[in-house]
Amino acid sequence: MEVPTLEDNLKIFENKLAPPDLHIPKRNCLIQLFAIGLFGGLVEGVWPQESVCPFIEFATAIAGVIVIIRWCFLDARERDYPISFRLSLFLFLLLAAAFPYYILRTRQNRQALKVLGISALVFVFYCGLNSISYELGCMIYNARHVG
């Protein structure tokens, strides 16, 4: 039987300290964000009453913010970057400014720009999905109440 060398023991130790692979939970956050956009738009279209729409918009906005903050916490855990209480509060209250700040703090310039560009595309896709599902909801509403 071969005795492990110091290098073998160090490799085992390094693997135990390696940051966890959180790509799947981070991807699930994106899927949840798109589901919120799809569901929110559809519900707004199906129930266009003025008393319901503001609540639905507020609920989907808060759910979206929570999912994005969850993605940030998963990303921070993966990168071994501590998120302070002040930063988490900043993320919740001013997500549009805090998210780019977080990305710029946790990545090199080039990688940060790439992530911010992808995030902008995700936002555009979210808005498009929300708009399309809203129109679909309006079509369902009109089919049930007009014709």
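Before any of the text, the structure's been laid out above.
Structural notes on helix α6 (residues 109–145)
Residues separated by three or four positions in an α-helix point in the same direction, a consequence of the helix having 3.6 residues per turn.
At step 1: The end-to-end C-alpha distance of α6 is 53 Å, a good match for the 54 Å that 37 residues give at a rise of 1.5 Å each.
At step 2: Buried residues of α6: Ala112, Val115, Val122, Tyr126, Asn130, Ser133, Gly137 and Cys138, and no others.
At step 3: If you follow the buried residues of α6, they end up packed against α2 (23–46) and α5 (95–106).

Looking at the environment of Leu129
At step 1: Looking at the element boundaries, Leu129 is found in helix α6.
At step 2: C-alpha of Leu129 to C-alpha of Phe39: the two residues are 90 residues apart in sequence and 9.5 Å apart in space.
At step 3: When neighbours within four sequence positions are excluded, Leu129 is seen to be in contact with Phe34 and Leu38.

Considering the environment of Tyr102
At step 1: With respect to the helices, strands and loops of the structure, Tyr102 is situated in helix α5.
At step 2: Residue Tyr102 is classed as buried on the basis of its relative accessible area of 0%.
At step 3: Distance in space between the C-alpha atoms of Tyr102 and Phe90 is 9.9 Å, their sequence separation being 12 residues.
At step 4: Contact partners of Tyr102, with chain neighbours within four places excluded, come to Trp71, Cys72, Asp75, Ala76, Tyr81, Ile83, Leu87 and Arg107.

Quick look at the pattern of salt bridges
Think of it this way: side chains of opposite charge can pair up when their charged atoms draw near.
At step 1: Tallying each qualifying case throughout the model produces 4 salt bridges.
At step 2: In this structure, Lys26 and Asp75 form a salt bridge, with 2.8 Å as the shortest nitrogen-oxygen distance. Here Lys26 is found in helix α2, whereas its partner Asp75 is found in helix α3 (residues 53–79), with 49 residues between them in sequence. Taken individually, Lys26 and Asp75 each receive the classification buried, so the pair is uniform in this respect.

Thresholds applied
- Each chain has its residues counted from 1, running along the sequence as written.
- Local features in this predicted model are restricted to residues whose pLDDT is 70 or higher, and side-chain atom pairs enter the listing and the counts only when it is 80 or higher, whereas totals over whole chains, interfaces and linings include all residues.
- Based on all heavy atoms of the structure, the side-chain values leave hydrogens and waters out of the count.
- Secondary structure elements follow DSSP: runs of H or I no shorter than four residues count as helices, runs of E no shorter than two count as strands, and numbering proceeds from the N terminus.
- The span expected for a helix works out to 1.5 Å for each residue beyond the first.
- Any residue under 20% of the maximum accessible area for its type is buried, any over 50% is exposed, and the rest in between are partly exposed; the area is computed with a 1.4 Å probe on protein chains only.
- Whether two residues are in contact is decided by their heavy atoms: any pair within 4.5 Å suffices.
- For salt bridges, the criterion is a side-chain nitrogen of Lys or Arg within 4 Å of an Asp or Glu carboxyl oxygen.

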